[in-house]
Amino acid sequence: MMLGPIDYSMWSADFLVEICCVVCLLKKRAFTQYFTLVLYLCASIAVGVGRYSIMGTSGFSSGAYYYFYFYSDALLTICLYFVLMTLYAHVFSEMGVTKLLRGGAMLLLAGTVWISYHMVATSSDRFVTQFVVEVSQNLYFVGVVLTYLLWGAMLKLRENRTRLVQLVLSMGVYFSAFAGSYALANIHSNAVVWRYVYHLMALWLPLSWAYTFVKVPEEARMATTSLLPSNR
């Protein structure tokens, strides 16, 4: 399978947007407050460079690229999981339950890994690779559930920090799109179509984050009534 100009254009766009997003976070002095976002973006940039290098030396259809892609995808998914836990910590910061959230997050991550292991335990062919892929897919579905639970909690608590609201919404769109694409890809496998879909989703997250940190000041607040469904 060969890559075309569209693939390289989208790859370059994703790389540049991620760099711009890191710069935005640093300029807004949000590094310590949103450290896991910076960690994810830096990891994604490093992974992008690694994938491009391996593709240039071994080819897009090579075994080396295949293994690196899925192992690096699992790493990025785990980083995103910690981003989501950071958003949980911000939402519940005034309740003093940060340590409890961290403990629960680690237990849930360990449980997801354990379930993924048992789902592929009977596989003898490429066991480790199948295990890594299963962990990534399961974490996306866990991410969907946790994001919508967080959104429900924000509605209940009448959370009105605009930047935080937009970050949670962007995560919800991303996790939902990826989980849905995994499910649809298992039903109808079209490598070309899903490759472009994955590119667009990878571009969405840093783009939405960059917009949030550039356009929405930390002190911005929104009317809580705009978050609640209308009774009409």
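Notes on the structure follow. (Residues numbered from 1 in each chain as written. Predicted model: local features only at pLDDT ≥ 70, side-chain atom pairs only at ≥ 80, totals over all residues. Heavy atoms only, no water.)

On to the overall build of the protein chain. Summing up its helical and strand segments, the protein chain has seven helices and zero strands in all. Ordered by position in the sequence, the α and β elements of the protein chain form the string α-α-α-α-α-α-α. Looking at the protein chain residue by residue over its 232 residues, the buried ones come to 44%. Nonlocal contacts in the protein chain, meaning residues at least 24 apart in sequence, comprise 76% of its contacts between residues at least 6 apart. Surface exposure of the protein chain reaches about 12,600 Å², of which carbon and sulfur atoms provide 67%. (Helix = DSSP H or I, 4+ residues; strand = E, 2+ residues; numbered from the N terminus. Buried < 20%, exposed > 50% of the residue type's maximum accessible area, 1.4 Å probe, protein only. Contact = heavy atoms within 4.5 Å. Areas by Shrake-Rupley, 256 points an atom, 1.4 Å probe, with all protein chains shown as cover.)

Among the surface-exposed residues, Leu26, Phe31, Phe35 and Leu39 lie close enough to one another that they form a single nonpolar patch of about 360 Å² accessible area. Tracing the backbone through its elements, the reader meets Phe31 in the loop between helix 1 (5–27) and helix 2 (35–58). (Patch = residues over 30% accessible without salt bridge, like charges linked within 9 Å, V, L, I, M, F, W, Y side chains within 5 Å. Salt bridge = Lys/Arg side-chain N within 4 Å of Asp/Glu carboxyl O.)

Bringing the environment of Ala43 into the picture now. If you trace the backbone, Ala43 turns up in helix 2. Overall, the relative accessible area of 15% leaves Ala43 in the buried class. Along the backbone, Ala43 and Cys79 are 36 residues apart, and their C-alpha atoms lie at a distance of 8.2 Å. In this structure Ala43 touches Leu76 and Cys79, once residues within four positions along its chain are discounted.

Note that Tyr34 resides in the loop between helix 1 and helix 2. Owing to a relative accessible area of 2%, Tyr34 belongs among the buried residues under this scheme. As for Tyr34 and Leu87, which are separated by 53 residues in sequence, their C-alpha atoms are 8.6 Å apart.

The subject of this paragraph is the pattern of salt bridges. A complete count under the given rule lists two salt bridges for this structure. Two residues, Glu218 and Arg163, come together in a salt bridge whose shortest N-O distance is 3.0 Å. On the criterion of sequence distance, the pair formed by Glu218 in the segment after helix 7 (191–215) and Arg163 in helix 6 (residues 162–187) is long-range, its members being 55 residues apart. Given the relative accessible area of 31%, Glu218 is considered partly exposed.

Here we take up the nonpolar core. The biggest cluster of nonpolar side chains holds 50 residues, and the ones touching the most others in it are Leu25, Tyr40, Leu150, Met171 and Trp209. Those elements that provide at least two residues to this core are helix 1, helix 2, helix 3 (63–91), helix 4 (98–120), helix 5 (127–157), helix 6 and helix 7. The residues contacting Tyr40, other than those within four sequence positions of it, are Leu76, Cys79, Leu80, Val83, Tyr174, Leu205 and Trp209. (Core = buried A, V, L, I, M, F, W, Y, C linked by side-chain atoms within 4.5 Å.)

Once that is clear, we can look at the packing of aromatic side chains. The tally for this structure, following the rule as stated, stands at 15 aromatic pairs. The interplanar angle of 65° and the centroid separation of 4.9 Å between the aromatic rings of Tyr66 and Phe70 together place this pair among those described as edge-to-face. Here Phe70 and Tyr66 lie together in helix 3, a separation of four residues that amounts to about one turn. When the centroid spacing of 6.4 Å and the interplanar angle of 50° are considered together, the rings of Tyr140 and Tyr174 count as tilted. Of this pair, Tyr140 sits in helix 5 while Tyr174 sits in helix 6, and the two are 34 residues apart along the sequence. The same class applies to Tyr140 as to Tyr174, namely buried. (Phe/Tyr/Trp six-rings, centres within 6.5 Å; stacked < 30°, edge-to-face > 60°.)

What follows deals with the packing of helix 2 against helix 3. Relative to each other, helix 2 and helix 3 sit at 175°, their axes nearing to 9 Å. Taken together, the axis directions place helix 2 and helix 3 in an arrangement best described as roughly antiparallel. Side by side, helix 2 and helix 3 meet where Thr36, Leu37, Tyr40, Ala43, Ser44, Val47, Gly50, Arg51, Ile54, Met55 and Ser58 of the first sit next to Ala64, Tyr65, Phe68, Tyr69, Ser72, Asp73, Leu76, Cys79, Leu80, Phe82, Val83 and Thr86 of the second. For the contact of helix 2 with helix 3, the class distribution of residues is 15 nonpolar, six polar and two charged. (Axes fitted to C-alpha atoms, helices over the stretch in contact; angles between N-to-C directions. Parallel < 35°, antiparallel > 145°, perpendicular 65-115°, else oblique. Nonpolar A, V, L, I, M, F, W, Y, C, P; charged D, E, K, R; others polar.)

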